[in-house]
Structure formats: C-alpha cells, structure tokens
Amino acid sequence: MRADKIKIEDLEAQRARGHYGLVFQPELEQPFRAYYLRFMRRHVFSAQVAAIILSLLAVLVEVVFVQPPASVQAAFIVIFLLAIPTGVILSLLYLRSSAQALGLQWLSALVVLCSLGSAFYLEALYRLEGLRYGYQTITFVLIFNFLLLGLRYYQAQALALSGLAVYAVVLLALDTPAADLTHALYNYVAVGTLASTAGYMQEYIVRTNFLDRGIRRHQALHDRLTGLLNRHGLEVHAERSWRRATREAAPVAVAVFDIDWFKHYNDELGHPAGDACLARVADALLQHVGRPLDCAARLGGEEFAVVWYDVDHEAAATLGERFREAVESLRIAHPAHVCEWVTLSGGVTVVRPADGATLSSAILAADAALYEAKRAGRKRITVAGSTADST
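Residues numbered from 1 in each chain as written. Predicted model: local features only at pLDDT ≥ 70, side-chain atom pairs only at ≥ 80, totals over all residues. Heavy atoms only, no water.

K.L.:
For this particular structure, what's the right way to read the packing of aromatic side chains?
P.N.:
Here the distance between the centres and the angle between the planes together describe a pair of aromatic rings. Evaluated as defined, the whole model comprises 20 aromatic pairs. With 6.3 Å between their ring centres and 45 degrees between their planes, Phe146 and Tyr153 make a pair best called tilted. For the pair Phe146 and Tyr153, a shared accessibility class is recorded, and that class is buried. Every member of this aromatic cluster is reached through a ring pair, and the members are Tyr20, Phe146, Tyr153, Tyr154, Tyr200 and Tyr204. For Arg207, the ring lying beneath its charged end belongs to Phe24, and the centroid distance is 4.7 Å. Geometry around Trp261 places Arg378 over its ring, the cationic atom sitting 3.9 Å from the centre. (Phe/Tyr/Trp six-rings, centres within 6.5 Å; stacked < 30°, edge-to-face > 60°. Buried < 20%, exposed > 50% of the residue type's maximum accessible area, 1.4 Å probe, protein only. Lys NZ or Arg CZ within 6 Å of the ring centre and 35° of its normal.)

This is how it looks when you write it as structure tokens:
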C-alpha cells in the first residue's frame, strides 16, 4: 500500500490505541515497515563506517601492542582486516544501489550472525591458546544489532537470544569454569538487556513519528470537511499524473465543478446544512475518481476539481455529466426558488502535458468553461474547445 493511500482514520485510531507492543494494525504495519527501512537506511551507512574504523583500530592494537602468537594473530587479521571491511563495503554498495533497501533486514541479520560467530570463534581460539581475549566484540555486536543495522526490535531480539544459546554451548564445550561461565553469560545478558531497551525505545519513537507524519501530511494535503484533497494536495498528487502523461504523451482531463446557487442554500439552511451538502457531493465525486492516477479536490467554498488521466474530450464530457447526474440524483432539496434540488455546473478541459501544459493553466481553462456553463443557465457541463455543451 502506498503511503499516500493510508486512511487518516486508521492513523488516528492507531495513535489513540497506542503501540506498546510494537505492532500496528495490518493496514498500517506493511507501510510502516517500508518506511522503517527507508528511515534506518541512513543510520546503517553511519554504522557501517563506524564498524570499519573499529575493526582497523582493533587490528592496530592487536598487531602493535598485544602481539599474540602468529596462529591467533592470523585469524584475528583475517576477520577484522578482511572479512568485516569486505562485508561492510559490499553492504554499502548494496545500500547505494537500492533506494528502498528491501533486503536490508536480511543483510543485517546475516551481518549479526557472522559477527557473533566470529566473536565466539576468536574467544574460543584465545581460550584454547591460554590467552585472554580482551575485546568487547560481543558488546559491540549487540549494540549494532539492536540500534544501528535497521532490524526491527523483535528481529534483533530473536538474533540476540539465538546468540546467547550458541555462546553458552561454546563456553560449555570449552569446559569454562563455572564462575567464568556465569560472568560471561551475565555480561551478555546485561549488555543485551540494555541494548534491547534502547532498541525498543528507538522503534517505538520511529512508529510514533510514522503516525504523526502521516496525520500531519494528510492534514496538509486534504480538506478537513470533505476528506478530498485541497488545492496543494491536488498539485502534489497531480504531479504523478503529469509526469507519466509527459512520458507517454497521454491526454489529461481537468474539470472544475461548482454547486449551483449554493449561497442561497447556506443563507436559508445555515452553514451546518451547507457543510453536510458539501460532504455528500464530495462522496459522490469520489465514486467517479477510482484509478490510481486520478484525483479529486475541493478548491474552496463550493468548488471542486478533478484530474482524470488518459481521457479524451468525449470521455471527459461523459465523466463530467455522470458526476453532474449523480449529484442531482442525491435529491438534496434546495430551499431557494431558483431550483428544486441541488445541482452542479462544470467546466472541462483536456490537455497534453507533453506539449507543456501545466495544472494551473488547465484549471484556469476549466474554470473559464465552468463560467460558460453558468452563463448558459447552469445545471450543465461545458467542455473547453468544444462547440457543444453537455446538458
């Protein structure tokens, strides 16, 4: 589901319900996961650079200052100087080539598993040689796992617990003394708990931001009364139609509609009744805008606009007339003497974005056609550039 297709009602209901379990309702969970990947992608870049720096520093310390036996040093260098930097560079190349980062979490999980495996291997190797492995590699891996690699909380938790089980098996296989075994496992659990808590808070905050951003975006692009797009929202959404129509040299129809004698309606029945009338007209309009590249908006007052993708003059006139008839069939009683029911007038124009037409110029042309319809007696659709009106 596209982010701009998420319903404001779902966002507000989820915010009111809370998300302490770090799970949204199904209609929001999938869009959030896509958002989370894009959000974390930037942080993963920084984490990978940090991983390379730490790896190179570890090699420097080990070779220059610690100077362990050659067999141990060789394994250390292979892991920290070759394996980790190579893995990081490959993942960096992947992230640069994949804007959506769809495979980020599989890649991150592989990185965590390989890193934990390498840490356990080096610790076991050092113990077998009677040496102390003085690096907090496991601590670093757990921090990266929960905070820096783009894994969601439950994914990171599963990896951390799996690592704990493997770590315990490795230590037991090495006949580690009970006191050392207990200390090692305690340290793993302590670090994992702290990192886990921070990871939970991080995802909770990102989920909160997702809801707040979605609500703010909807409010910025939509008319609160009718739920249709506002003028700014129409420009944002129509941009996609314009770009595609430019590529494909396809026509785009733009229509502007106005409720006839609406001032009389408001004056006689009051603004609450007028608002209810606008909402019913908007609902009818939405029934005639169903394709992904079509959109409808309230321009202000009782004026509405529609963009229909890949529609010619004849089809645009038909669609406009269908909407006009749909509003009239609502049988919303009009209190003024000028008409019995609420009716519409409309102006329609068809343009080709490939020829340089803009949304603003198309709206102006449709608006001019609308006023032609009003001058001709209202309750009709006029198509710009056409000699015949639809009545």
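From this point, the discussion proceeds with the structure in view.
K.L.:
Is there a simple way to think about the packing of helix α3 (residues 70-97) against helix α4 (residues 104-128) in this case?
P.N.:
The geometry of a pair of packed helices is captured by two quantities: the angle between their axes and the separation between those axes. For the pair α3 and α4, the least separation of the axes is 11 Å and the interaxial angle reads 175 degrees. Considered as vectors, α3 and α4 are oriented roughly antiparallel to each other. Residues Val72, Ala75, Phe76, Ile79, Phe80, Ser91, Tyr94 and Leu95 of α3 pack against Leu104, Leu107, Ser118, Tyr121, Leu122, Leu125 and Tyr126 of α4. Here the residues of the contact of α3 with α4 are counted per class, giving 13 nonpolar, two polar and no charged. (Axes fitted to C-alpha atoms, helices over the stretch in contact; angles between N-to-C directions. Helix = DSSP H or I, 4+ residues; strand = E, 2+ residues; numbered from the N terminus. Parallel < 35°, antiparallel > 145°, perpendicular 65-115°, else oblique. Contact = heavy atoms within 4.5 Å. Nonpolar A, V, L, I, M, F, W, Y, C, P; charged D, E, K, R; others polar.)

K.L.:
Quick question: what am I supposed to make of the packing of helix α2 (residues 26-66) against helix α5 (residues 137-148) here?
P.N.:
At a closest axis distance of 10 Å, the pairing of α2 and α5 adopts a crossing angle of 165 degrees. For the element pair α2 / α5, the angle class is roughly antiparallel. In this structure, α2 meets α5 at a crossing whose hand is right-handed. In this structure, α2 uses Met40, His43, Val44, Ala47, Ala50 and Ala51 to contact α5, whose residues at the interface are Phe144, Leu147 and Leu148. (Left-handed = near helix turned anticlockwise from the far one by under 90°.)

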